[in-house]
Every structure is written in C-alpha cells, then in structure tokens.
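Fold and geometry: a report
The residues making up each chain are set out below.
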Amino acid sequence: MASSPGTAPASATPPPNTLVVPSYVKAVSGSVGGIVEACCLQPIDVIKTRLQLDRVNQYKGILHCARAIVEQEGVRALWKGLTPFATHLTLKYTLRMGSNALLQVAFRDSETGKLSHSGRLGAGFGAGVLEALLIVTPFEVVKIRLQQQRGLSPHLLRYRGPVHCARCIVREEGILGLWAGAAPTVMRNGVNQAVMFTAKNKFDAVLWRKHEGDGQLLQPWQSMISGFLAGSAGPICTGPFDVVKTRLMAQGRAAEATKMRYKGLFHALKTIYTEEGLLVLWKGLLPRLMRIPPGQAIMWAVADQITGFYEKRFL
C-alpha cells in the first residue's frame, strides 16, 4: 500500500535496536568509567589478593586482613599497585567496550540488524579474550607481585614500583613472564564478559525498558543497579579460574620447572583441590563480590551517561 504524501515509508525509520552507538564512543565511556572505579575500589582488590595467596591462614577474614595490612604496613598499603591497576582498568575498559561494540556489529543479522542472544554472548566472550591477552594478564602479573610484598621499609622490598617490577620480571623470567597465568585469565575474562554484557542488556530491558539506540538516558542510580546485578554472576562462575590465575602469576616463571609448585591451569586446579579442598577454589570470592559488582555499578553509571547522551543527541 502506498504511503500518503508527506509520510515516510515505514522502512525509512529503522527500529531502535538497529541504531548503534559507535565503538569509539563505547571505548571512551569505558575508559572514563575505569578511572573512577580504580580509585574507589583498589583496597578491596589488595585484600582479595592477600587472601588468595594466604596458604597458612594468616588472615581470619576480610576485616582482619584489612586491619593487619594497615597495622603492619600503613594505610597506603591498601592502595599498593594502584598505578598499574588504574592504568590497566582504563585500557581494559577501553578495549572491552570498543571491541564488544565492533563484535556486536559483526554478529548482527545483516537483514534485520538484530543481535541474537548467542551473538551477544559471543561478542562478550571475544572482548574478554582480547582484553585478557592484550592488557589484563601483564598488568595483573605486575599488580600481584607488588601486592604480595610485605613490609614497611622500602629497602626490604624486592620491587620498587610497577616499572621496576616489570623490568625485573622480563630480565629474570623473560618476556613471557608477564603472561604467567594467561590461560585461566582468558577463561575468567571471557566467561565474565559474556555473562556481564548479556545480563546488563537484559536487566536494562526488564527493569527500565531501556534498549540500545532508543535515545533513553538512564539515571545514574538505574545504571548502578543494572551494573551491580550484571557484575554479580561472573565471579561465582569464574572463582576457580581467578584463584589459579593469582597463584600462577605470583609464582612466576623464574624457578626451574621441577621446582615450580604449579605447572599450568589444570595442574594447579588439581593440586589446590587435592591439598587444600574444593572450597579453596572460591577463596577470595567475598572480596571479589565486594569489588566487582560495585565496580561494574560505578563503571556503568559513568559509561551509560556518556553513551546515553550520544544516543539522545545523535541517534
């Protein structure tokens, strides 16, 4: 049926879900959100790392660990590794948000422009793998080496800072030393992002009737609720990978193969399970749940304001 004069055909206006925020806008929104998140939540990450590396039950819980760090090393010790952590979060979120947006475009149906659930999961997993290999692993190796140092006197510390730490690792262990624990990191981040991007989209739709490209600008508190809920599932699913990643990164590659406690992902899983029990594979889960969901809440509150403004102004 012909359209009436002055009325555009129905196909001239694409449905909201075919209007896509450019990947560079998503990348910028992620980088800004990452900076804010890192500054707020670094102490929880330090506590999580110390608990995961504690094989002799030195710490009796989160509060005891935090109090022991402050009493023995000072308040600033809770922000150990902040420089590499903030840098890696900024770069990670830039790559994560940008690559996820590009992969979503690639996975969209060429005719309808719609993105299937499997396509959204695949885009999230791909973004997680990329960030794990290109950014997360080397930065977390440096961060964990710095965080596991104990003591107040600078001359007693093996590493004097992130740059010195990276140089020592490369000199003593080779360039691949910066990618210790890459396999569990890839699995952890891939699953995390597949779950997180899918859940965030679903929570936005169910709770706030927000769909990408519809021009609706969520309030920061709405983004925080969706982000918090979306960020809660990943840590539970990927706890064992996170524990193994931390152990492999902490031991490094300098020791001879026969003296290395863990020889890889599956050997570490088996060794930890056999020697310490099943629940140890989720050690540090509570501080992860205290850090990751609030971190996602903060990041999405910032990122959604940037992308929402773009949608409202330009789409």
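Computed from a prediction, not measured in an experiment: that's the story for all the values here. (Residues numbered from 1 in each chain as written. Predicted model: local features only at pLDDT ≥ 70, side-chain atom pairs only at ≥ 80, totals over all residues. Heavy atoms only, no water.)

1. Looking at the overall build of the protein
Applied cut-off: Counting from the N terminus, the helices are DSSP H or I runs at least four residues long and the strands are E runs at least two residues long. In this treatment the radius of gyration is a C-alpha quantity, and the globule benchmark scales as 2.2 Å times the residue count to the 0.38 power. Note on exposure labels: buried denotes an accessible area under 20% of the residue type's maximum, exposed denotes more than 50%, and partly exposed covers the range between, all computed with a 1.4 Å probe on protein chains only. The Shrake-Rupley method, run with a 1.4 Å probe sphere, supplies the accessible areas, and residue values consider only the shown protein chains as cover. For the purpose of counting charges, residues Lys and Arg are taken to be positive, whereas Asp and Glu are taken to be negative. His and the chain ends are not included. Taken as the charge location is NZ of Lys, CZ of Arg, CG of Asp or CD of Glu.
In terms of helices and strands, the protein carries nine helices and zero strands. In the protein, the succession of α and β elements from N to C terminus is α-α-α-α-α-α-α-α-α. Taken against the 2.2 N^0.38 rule, which gives 20 Å for 315 residues, the C-alpha radius of gyration of the protein at 22 Å falls within 12% of a compact globule. Principal axes of the C-alpha set define a box for the protein whose edges measure 80 × 35 × 35 Å. Classification of the 315 residues of the protein by burial places 50% in the buried group. Within the structure as shown, the protein displays about 15,200 Å² of accessible surface, and the carbon and sulfur contribution to it stands at 65%. Considering the protein, the positive charge centre built from 37 side chains and the negative charge centre built from 20 side chains are found 4 Å apart.

2. Things to note about the packing of helix H1 (residues 23-53) against helix H9 (residues 285-314)
The description of two helices packed together rests on the angle between their axes and the distance between the axes. Selection rule: Note on method: axes are straight lines fitted to C-alpha atoms, helices fitted across the in-contact stretch only, with angles between N-to-C directions ranging 0 to 180 degrees. When an angle is under 35 degrees it counts as roughly parallel; over 145 it counts as roughly antiparallel; between 65 and 115 it counts as roughly perpendicular; any other value is oblique. Each residue gets one label: Ala, Val, Leu, Ile, Met, Phe, Trp, Tyr, Cys and Pro are nonpolar, Asp, Glu, Lys and Arg are charged, and the others, such as Gly, are polar.
Where H1 meets H9, the closest approach of the two axes is 8 Å, and the angle between their N-to-C directions is 170°. Here H1 lies roughly antiparallel to H9, going by the angle between them. Of the residues belonging to the contact of H1 with H9, the class tally is 18 nonpolar, seven polar and six charged.

3. A word on the pattern of salt bridges
What counts, and what does not: Throughout this description, the term salt bridge denotes a Lys or Arg side-chain nitrogen within 4 Å of a carboxyl oxygen of Asp or Glu.
The full count for this structure, using the stated rule, is 23 salt bridges. Residues Glu37 and Arg291 are paired through a salt bridge, measuring 3.3 Å at the closest nitrogen-oxygen approach. Of the two residues, Glu37 is situated in helix H1 and Arg291 in helix H9; the sequence distance between them amounts to 254 residues. Assigned by exposure class, Glu37 and Arg291 land together as buried. One salt bridge connects Arg291 with Asp45, and the closest N-O pair in it is separated by 3.3 Å. Placement of Arg291 in helix H9 and of Asp45 in helix H1 is noted, with a sequence separation of 246 residues between them. Salt bridges sharing common partners tie together Glu37, Asp45, Lys48, Glu140, Lys143, Arg188, Asp242, Lys245, Arg288 and Arg291.

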